[in-house]
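Report on the structure
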Amino acid sequence: MAKHNSIIKRTFSMIFVLILMIESIRSNSYAVIQRLFDYLGQDKIVEEPLSIDAIDDEFVSTLYLKKDLINLNGLMARRLGMQGFYSNMGMYVTDDKYIVSASPYTSTDYEYNETVAFRDFLESNGINFLYVNEPTKYVDDNLFYKEFGVETYSNRNMDLFLSRIRDAGVNTIDIRDNIASENINVSDLFYRTDHHWTTPAGLWATEIMAQALNDSCGYDIDLSIYDDKNFDITEWKECWLGEQGRKIAASYVGLDDYTEVKPNFETSYIFTNSDGTTWDGTFDDFVNESFYNTENDVYENSSWHYSYNRIDCINNNVENGKILIMGDSYDHVTQPFLSLGIHEVDSLILRNYDDSFSLRNYILENGYDTVIVAYAQFMVGAHDDESSANYRMFTFD
């Protein structure tokens, strides 16, 4: 049997190399060799020097039948059981074809100090603070070692961080606790080919957040608005490919299902654009249904997760509450649902701002009564890497 598998692997490899050579010639991709020589021989003080990344992008963009090669590569990786084949991109594939990522160890010192100082600032100005941990696609770090022989510290980092800020008196909720208490399979809350949670999972998590606002921040949100009977569901099967899946290939992990969730009761909002313009609308304005195009190429189509938008809003049907959500892309679905029970909800993502932005002045100028920091747990530790897009997510100045 082992000899048979070895022959299959060698045969697949030879076929793939042959096809790659043929398509490289057909697309003139071999011309990249000259570009490499240009790179090595360039004057270091030229105004616009060549870079390896630019040469790589040029090579990939001109590759003939690129998507077919991606799918062929994914098919081979799947057939050969190469779960860690994409580890250089930080991604691994479980036996169930879920794409997961590892997190390195962090001391949590930076995040702890920033969070406690931020809580103290808000408290001194009479503003409530709530930290929400949004889980990743696994709640047990042993998953990685068992399946891939690789250590990850995602959950252990978060356990340490939450323990420290709770000891300092910070109000927190950990969605992992609800996953455990309700005996939920965490995989059911996430897309297989994308790192985001599903729309129904976002709705479920929003009710947990609303309960915490009632318990810790003096709110009186009617939690019955989140009952299943109050929402219409529309489902698509095997219809889109997530951000991670586009890199690994649909031929390896398949396509994801999608569920749209919208309230079936009357809603009335005033929305505010980033440029300050406003318009009247309903909950439907949060959802851009043009994303749901099953005729588009799954590699070119926009991520269906982003069909839900984070839009600053006033709910005309609710009298109380003005909240700022400092979140990440998970909150494209939670902000719209949370707004159903609160008069005014704004949001921002700190990675979209530079050092010239004063978060604390912004909060005081807008008169929020509550600030929620709702982060995917892999944000903890991002400040250890200056090249990370999430480097500033815990800089609460």
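Remember, predicted model here, so these are calculated numbers, not experimental data.

Across its full length, the protein carries 13 helices and 12 strands. Evaluated residue by residue, the protein yields a buried proportion of 48% over its 397 residues. Per element, the accessible surface of the protein, about 19600 Å² overall, is 48% carbon and sulfur.

The N-to-C vectors of helix α9 (residues 199-216) and helix α12 (residues 331-338) enclose an angle of 55 degrees; their axes lie 8 Å apart at closest approach. Comparing their axes, α12 and α9 come out oblique. Where α9 crosses over α12, the handedness of that crossing is right-handed. Together, Thr 199, Gly 202, Leu 203, Thr 206, Met 209, Ala 210 and Leu 213 of α9 and Val 333, Thr 334, Phe 337 and Leu 338 of α12 make up the contact between the two elements. Considered class by class, the residues forming the contact of α9 with α12 number seven nonpolar, four polar and no charged.

Moving on, we get to the packing of aromatic side chains. Tallied over the entire structure, the rule returns 37 aromatic pairs. Ring geometry for Phe 231 and Phe 265: centres 6.4 Å apart, planes at 75 degrees, overall edge-to-face. Of this pair, Phe 231 sits in strand β5 (residues 231-240) while Phe 265 sits in the loop between β6 (256-263) and β7 (269-272), and the two are 34 residues apart along the sequence. Overall, the relative accessible area of 7% leaves Phe 231 in the buried class.

A separate point is the pairing of strand β12 (residues 370-376). The buried fraction of β12 amounts to seven of the seven residues, a majority that puts the element mostly inside the structure. Here strand β3 (residues 128-134) pairs with β12 via seven bridges, running parallel. What sits directly across from Asn 133, in β12, is Tyr 375. Here strand β10 (residues 322-326) runs beside β12; their pairing, made up of four bridges, is parallel. Across the sheet, residue Leu 324 finds its bridge partner in β12, namely Val 371.

Strand order in the open sheet made by the eight strands is β4-β3-β12-β10-β11-β9-β7-β8, with mixed pairing throughout. Edge positions in the sheet fall to β4 (172-174) and β8 (278-281), since each has one partner strand and no second. Neighbour-to-neighbour, the strand axes of the sheet open up by a mean angle of 20 degrees, direction not taken into account.

With that settled, the discussion passes to the packing of helix α5 (residues 109-124) against helix α13 (residues 359-366). One way to put it is that α5 packs onto α13 with a least axis distance of 12 Å and a crossing angle of 25 degrees. By the angle class used here, α5 and α13 are roughly parallel. Here α5 and α13 pass one another in a crossing that is right-handed. In this structure, α5 contributes Ala 117, Phe 118, Phe 121 and Leu 122 to the contact, and α13 contributes Leu 359, Arg 360, Ile 363 and Leu 364. Counted by class, the contact of α5 with α13 contains seven nonpolar, no polar and one charged residues.

Time to look at unusual backbone geometry. Even without glycine at this site, Asn 183 takes up a positive phi of about 55 degrees. On the secondary structure map, Asn 183 appears in the loop between α8 (175-181) and α9. The class of Asn 183 is exposed, set by a relative accessible area of 71%. Its identity as a non-glycine residue notwithstanding, Ala 249 has a phi of 110 degrees, on the positive side. If you trace the backbone, Ala 249 turns up in the loop between α10 (243-248) and α11 (250-253). With relative accessibility at 0%, the residue Ala 249 sits in the buried group.

A word on α9. Owing to its 3.6 residues per turn, the α-helix brings residues three or four apart onto one side. Here α9 spans 25 Å end to end across 18 residues, near enough to the 26 Å set by a 1.5 Å rise per residue. Summarising burial for α9: 13 of the 18 residues are buried, a large majority. Taking the backbone nitrogen of Ala 201 as reference, a side-chain oxygen 3.2 Å away marks Thr 198 as the first, capping residue of α9.

Taken together, Asp 220, Asp 222, Asp 227 and Asp 228 make up a surface patch of like negative charges. Checked against the element boundaries, Asp 222 lands in the loop between α9 and β5. Here Asp 222 falls in the partly exposed class, since its relative accessible area comes to 46%.

Reading the values: the criteria
Residues numbered from 1 in each chain as written. Predicted model: local features only at pLDDT ≥ 70, side-chain atom pairs only at ≥ 80, totals over all residues. Heavy atoms only, no water. Helix = DSSP H or I, 4+ residues; strand = E, 2+ residues; numbered from the N terminus. Buried < 20%, exposed > 50% of the residue type's maximum accessible area, 1.4 Å probe, protein only. Areas by Shrake-Rupley, 256 points an atom, 1.4 Å probe, with all protein chains shown as cover. Axes fitted to C-alpha atoms, helices over the stretch in contact; angles between N-to-C directions. Parallel < 35°, antiparallel > 145°, perpendicular 65-115°, else oblique. Left-handed = near helix turned anticlockwise from the far one by under 90°. Contact = heavy atoms within 4.5 Å. Nonpolar A, V, L, I, M, F, W, Y, C, P; charged D, E, K, R; others polar. Phe/Tyr/Trp six-rings, centres within 6.5 Å; stacked < 30°, edge-to-face > 60°. Pairing = 2+ DSSP bridges. Expected span 1.5 Å × (residues − 1). Polar contact = N/O pair within 3.5 Å; in protein donor to acceptor, adjacent residues only side chain to side chain. Patch = residues over 30% accessible without salt bridge, like charges linked within 9 Å, V, L, I, M, F, W, Y side chains within 5 Å. Salt bridge = Lys/Arg side-chain N within 4 Å of Asp/Glu carboxyl O. Lys, Arg positive; Asp, Glu negative; His and termini not counted. Charge placed at Lys NZ, Arg CZ, Asp CG, Glu CD.

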